[in-house]
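Here's the letter readout for the chains.
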Amino acid sequence: MELTKEEQSALNGEMGETLQTAYRILVATGEATNAEKLISIKWAHLSGVNYNTIGDAGEEFLRKISKDAQVKVKATVNPMGFDFDHISEFNHIDDEFIEKQKSIRDSYIRMGVEPTFSCTPYDIFDLPEKDTQVSFAESNAAIFANSLGGLKTNKESAFSALASALTGKSPYSDFRKDETNIPMTI
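Below, the structure is looked at part by part. (Residues numbered from 1 in each chain as written. Predicted model: local features only at pLDDT ≥ 70, side-chain atom pairs only at ≥ 80, totals over all residues. Heavy atoms only, no water.)

1. Some words on the packing of aromatic side chains
Right, so step 1: Counting across every chain of the model gives 7 aromatic pairs.
Right, so step 2: With centroids separated by 5.7 Å and ring planes inclined at 45°, the aromatic side chains of Phe82 and Phe97 adopt a geometry described as tilted. With Phe82 in the loop between strand S3 (74-77) and helix H4 (95-110) and Phe97 in helix H4, this pair connects stretches of sequence that are 15 residues apart. In this pair, the class of Phe82 matches that of Phe97, namely buried.
Right, so step 3: Grouped by ring-pair contacts, the aromatic residues Tyr51, Phe82, Phe84 and Phe97 constitute a single cluster.
Right, so step 4: Sitting above the plane of the Tyr172 ring, Lys37 keeps its charged end 5.4 Å from the centroid.
Right, so step 5: Directly above the aromatic system of Phe84 lies the positively charged group of Arg105, at a separation of 4.2 Å from the ring centroid. (Phe/Tyr/Trp six-rings, centres within 6.5 Å; stacked < 30°, edge-to-face > 60°. Helix = DSSP H or I, 4+ residues; strand = E, 2+ residues; numbered from the N terminus. Buried < 20%, exposed > 50% of the residue type's maximum accessible area, 1.4 Å probe, protein only. Lys NZ or Arg CZ within 6 Å of the ring centre and 35° of its normal.)

This is how it looks when you write it as structure tokens:
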């Protein structure tokens, strides 16, 4: 996969450990999907927010990288394990779960992610212009983006969407290409 000098520099660790990790994820994803290069994106929608799904390892990873990482593009995020605005209604949630979920939420906010906590970011924000490259990890958001939204994204993993948010890049493969992304019309 072809990288620019800046991308290669980040992959080599010259821009810090967090960006090196992000580029390693993107290159591995790109190689697995036969991407020829990385391309710029305008928006990333992240999953990997619920403590039930990412556990201690995910919480620790996010807490660590959020100390020095900032998203480079608009980034929104999926729902958490519960709604903090209504926590008093859920007296069966233990204190450890609440603290871990709070840590995950705070990590994303520290990185500059919009605290949307929704799986339908397209209902919150106006979509960018047609054919804009985005990186969406939520299944329904990726499907909506590629069909009704007229955008271009693969169905990203939690890691690849986060790496895209931190770098502003994503592998150019699959549904990002014109010949494989045929929007649905109504």
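2. Overview of the side chain of Thr116
Right, so step 1: Structurally, Thr116 is set in the loop between H4 and strand S4 (134-136).
Right, so step 2: Given a relative accessible area of 19%, Thr116 falls into the buried group.
Right, so step 3: In terms of polar contacts, Thr116 uses its side chain to reach the backbone carbonyl oxygen of Val77, at 3.1 Å.
Right, so step 4: In this structure, Thr116 is in contact with Thr76, Val77, Ile124 and Phe125, ignoring residues within four places of it in sequence. (Polar contact = N/O pair within 3.5 Å; in protein donor to acceptor, adjacent residues only side chain to side chain. Contact = heavy atoms within 4.5 Å.)

3. With respect to the pattern of salt bridges
Right, so step 1: Applying the stated rule across the entire model yields 8 salt bridges.
Right, so step 2: Between Lys169 and Glu7 there is a salt bridge; the shortest N-O distance is 2.9 Å. A residue pair is termed long-range when its members are at least 10 positions apart, and Lys169 in strand S5 (residues 169-171) and Glu7 in helix H1 (residues 5-11) qualify at 162 residues. The pair formed by Lys169 and Glu7 is uniform in burial state, with each residue classed as buried.
Right, so step 3: For Arg63, the salt bridge goes to Glu59, with nearest N and O atoms at 2.9 Å. Here the residue Arg63 and the residue Glu59 both occupy positions in helix H3 (residues 51-65), the gap between them amounting to 4 residues, near one helical turn.
Right, so step 4: Owing to a relative accessible area of 34%, Arg63 belongs among the partly exposed residues under this scheme.
Right, so step 5: One network of salt bridges, with partners in common, ties together Asp56, Glu59, Arg63 and Lys100. (Salt bridge = Lys/Arg side-chain N within 4 Å of Asp/Glu carboxyl O.)

4. Regarding the packing of helix H2 (residues 17-32) against helix H6 (residues 158-167)
Right, so step 1: Direction vectors running N to C along H2 and H6 enclose 125°, while the axes themselves pass 9 Å from each other. Of the possible angle classes, the one that applies to H2 and H6 is oblique. Seen along the crossing, H2 lies across H6 with a hand that is left-handed. Contacts between H2 and H6 involve Thr18, Leu19, Ala22, Tyr23, Ile25, Leu26 and Thr29 from the former and Phe159, Ser160, Ala163, Ser164, Leu166 and Thr167 from the latter.
Right, so step 2: Tallied by class, the residues present in the contact of H2 with H6 amount to 8 nonpolar, 5 polar and no charged. (Axes fitted to C-alpha atoms, helices over the stretch in contact; angles between N-to-C directions. Parallel < 35°, antiparallel > 145°, perpendicular 65-115°, else oblique. Left-handed = near helix turned anticlockwise from the far one by under 90°. Nonpolar A, V, L, I, M, F, W, Y, C, P; charged D, E, K, R; others polar.)

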